[in-house]
Each structure stands twice: as C-alpha cells, then as structure tokens.
Amino acid sequence: RENWPIVFYNRTCQCQGNFMGYNCGDCKFGFTGPNCTVRRTLIRKEIYRMTATEKDKFIAYLNLAKRSLSSDYVIATGTYEQMNNGSNPMFADINVYDLFVWLHYYASRDAFLEGDLVWRDIDFAHEAPAFLPWHRFFLLHWEHEIQRLTGDENFTIPFWDWRDAQQCDICTDE
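The rules behind these values
- Counting restarts for each chain, with residues numbered from 1 along the sequence as it is written.
- The model is predicted, so local features are restricted to residues of pLDDT at least 70 and side-chain atom pairs to those at 80 or more, both for listing and for counting; the totals for chains, interfaces and linings are taken over all residues.
- Computation of side-chain values covers all heavy atoms of the structure but excludes hydrogens and water.
- UniProt positions are given in the numbering used here, feature names are shortened, and annotations may be inferred rather than shown by experiment.
- Here, nonpolar core means buried Ala, Val, Leu, Ile, Met, Phe, Trp, Tyr and Cys residues that are tied together by side-chain atoms lying within 4.5 Å of each other.
- A simple rule labels every residue: compare its accessible area, found with a 1.4 Å probe on the protein chains alone, to the largest value its type can have, and call it buried under 20%, exposed over 50%, or partly exposed in between.
- Helix and strand definitions follow DSSP, with helices as H or I runs of at least four residues and strands as E runs of at least two, each counted in order from the N terminus.
- Contact criterion: two residues are considered in contact whenever any of their non-hydrogen atoms come within 4.5 Å of each other.
- Counting rule for disulfides: a pair of cysteine sulfur atoms within 2.5 Å.
- For a helix, the expected span equals 1.5 Å multiplied by the residue count minus one.
- Grid points spaced at 1 Å over the protein atoms alone were grouped into cavities, where a 1.4 Å probe fits but cannot get out, and pockets, open sets with protein on both sides within 12 Å along at least five of seven lines, with lining residues defined by an atom within 4 Å of a point.
- Grid points are joined across faces, edges and corners, and a volume is the space filled by probe spheres set on the points.
- Residues are grouped as follows: Ala, Val, Leu, Ile, Met, Phe, Trp, Tyr, Cys and Pro are nonpolar; Asp, Glu, Lys and Arg are charged; every other residue, Gly included, is polar.

- The protein carries the name Tyrosinase in an unreviewed UniProt entry, which gives Anomaloglossus baeobatrachus as its organism.
- Quoted verbatim from the Subcellular location (unreviewed entry) field of UniProt, the annotation for the protein is "Melanosome membrane".

This is the structure:
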C-alpha cells in the first residue's frame, strides 16, 4: 500500500509447481505432501452443526493464536519516511491472531499514494469488486497459519449461514 523501497524488499520468490508462500516453502491451498502434489479437500462446517468438542477445539486454537507470536511475520509500526528512508526500521512482532486482525484493518484503511497523496474514504476490502476473492484468500491464509501453529492439517474455520436469520442468532455468550 505504500511504495516500499528495495531497502526492505530486494527480492521475491517466484514459486514453481504447487508451492506458495514468501519463501515458496508451503503448499498451495488444496495441496499437501512433500512435493505438494497430493490434492486435499477440506470442508468447512456450519457452526451450528459442530459438536461441543469441535467448538471447544476451535476456541482453543483461537486462544493459542492469541498467545503465539508469528514465526514468519512482523508488522510495520511506521511509514518509510518515519523510518528515516529505511535506515531506522520500525517493525514489531505480532501474534498470529492479531496479524489477521491487522491485515483486515490494513486492507480497509486509507491508501497511501506517491508523494503525500492519500486516497481516503474507500475500503478496498469491502467496497470494491475484490470483496469476495480478497476474503476468500484471507480466510484460506488464516486457516493455513492456524494449521501450521497447531499441527492440525484438517482445521477449517466454521461458517455461519445467516441467509434466513432474523437477528444475530450467533451473537450469544457461547
């Protein structure tokens, strides 16, 4: 979203085959195995169809994500200019849960353009054609990070089918 210079990002991986990730060390979504060649289909479950044990596991995984620092990601705590043109890096560790809170917020905030221009009052994650594909990728990435954190390759984020809801029936203490 900002024009980050090569002082921070001076190379990128171009992953081959079914590999993905910042270092091409992960399998693309839907693949597994040592060479990422085994097709894998995971089915998300509607939250009201989950057993009490499945719900408890889901909550436990979210709580673990809140207590676990990301081993791969940090967040910028200042702009490039505030970092004195890159000579004073300003980054902070972040836990896995808050990383995804931050990613969601960052995609929804004002966009910094060249120079001092700021594109305000547009939320690219929610008020644009990319709403569905952006959230699809966001959820897949979040699932993947929790799978890595817990070692549970079958973990999926449950969904709530709100189409016939008259009120927020999921909004309970449970």
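## Brief notes about the nonpolar core
Line of reasoning, step 1. Formed by 16 residues in total, the largest nonpolar core has its most connected members in Phe 58, Leu 62, Leu 99, Phe 100, Trp 142, Ile 146 and Phe 155.
Line of reasoning, step 2. Counting residues per element, this core draws most heavily on helix H1 (residues 52-67), at four residues.
Line of reasoning, step 3. Not counting residues within four places of it along the chain, the set of residues in contact with Leu 99 comprises Ser 70, Tyr 73, Ile 75 and Ile 94.

## Looking at the state of the cysteines
Line of reasoning, step 1. Counted by the stated rule, this structure contains three disulfides.
Line of reasoning, step 2. Across the disulfide, Cys 15 is cross-linked to Cys 24 (sulfur-sulfur distance 2.1 Å). Torsion about the S-S bond of the Cys 15 and Cys 24 cystine: about -90 degrees, corresponding to left-handed handedness.
Line of reasoning, step 3. With a relative accessible area of 27%, Cys 15 lands in the partly exposed category.
Line of reasoning, step 4. Across the disulfide, Cys 27 is cross-linked to Cys 36 (sulfur-sulfur distance 2.0 Å). What sets the handedness of the Cys 27 and Cys 36 disulfide is the S-S torsion sign, and at about -85 degrees it is left-handed.
Line of reasoning, step 5. Cys 27 sits in the buried class, given a relative accessible area of 16%.
Line of reasoning, step 6. A relative accessible area of 1% means that Cys 36 is categorised as buried.
Line of reasoning, step 7. For the protein, the disulfide bridges join cysteines in the arrangement 1-2, 3-4, 5-6, where the cysteines are counted in sequence order.

## What to know about helix H3 (residues 131-150)
Line of reasoning, step 1. Counted at 1.5 Å a residue, the expected span for H3 with its 20 residues is 28 Å, and the 28 Å between its end C-alpha atoms agrees.
Line of reasoning, step 2. Buried within H3 we find His 135, Phe 138, Leu 140, His 141, Trp 142, Glu 143, His 144, Glu 145, Ile 146 and Gln 147.

## Quick word on the environment of Glu 153
Line of reasoning, step 1. Assignment of secondary structure puts Glu 153 in the segment after H3.
Line of reasoning, step 2. Accessibility expressed as a relative area gives 48% for Glu 153, which makes it partly exposed.
Line of reasoning, step 3. Taking the C-alpha atoms as reference points, Glu 153 and Glu 143, separated by 10 residues in sequence, lie 9.2 Å from one another.
Line of reasoning, step 4. Leave out the neighbours within four places in its chain, and Glu 153 touches Thr 32, Arg 40, Leu 42 and Gln 147.

## A closer look at the layout of surface pockets
Remark: the empty space left among the atoms is shown by a probe the size of a water molecule rolled over them.
Line of reasoning, step 1. A volume near 580 Å³ is recorded for the second largest pocket.
Line of reasoning, step 2. As for the second largest pocket, its lining consists of 23 residues, and the residues nearest its centre are Ile 47, Phe 58, Ile 59, Pro 158 and Ile 170.
Line of reasoning, step 3. For the lining of the second largest pocket, the secondary structure elements donating two or more residues are H1, helix H2 (96-108) and H3.
Line of reasoning, step 4. Ranked by residue count, the leading element in the lining of the second largest pocket is H1, at five residues.
Line of reasoning, step 5. Split into classes, the residues belonging to the lining of the second largest pocket amount to 16 nonpolar, two polar and five charged.

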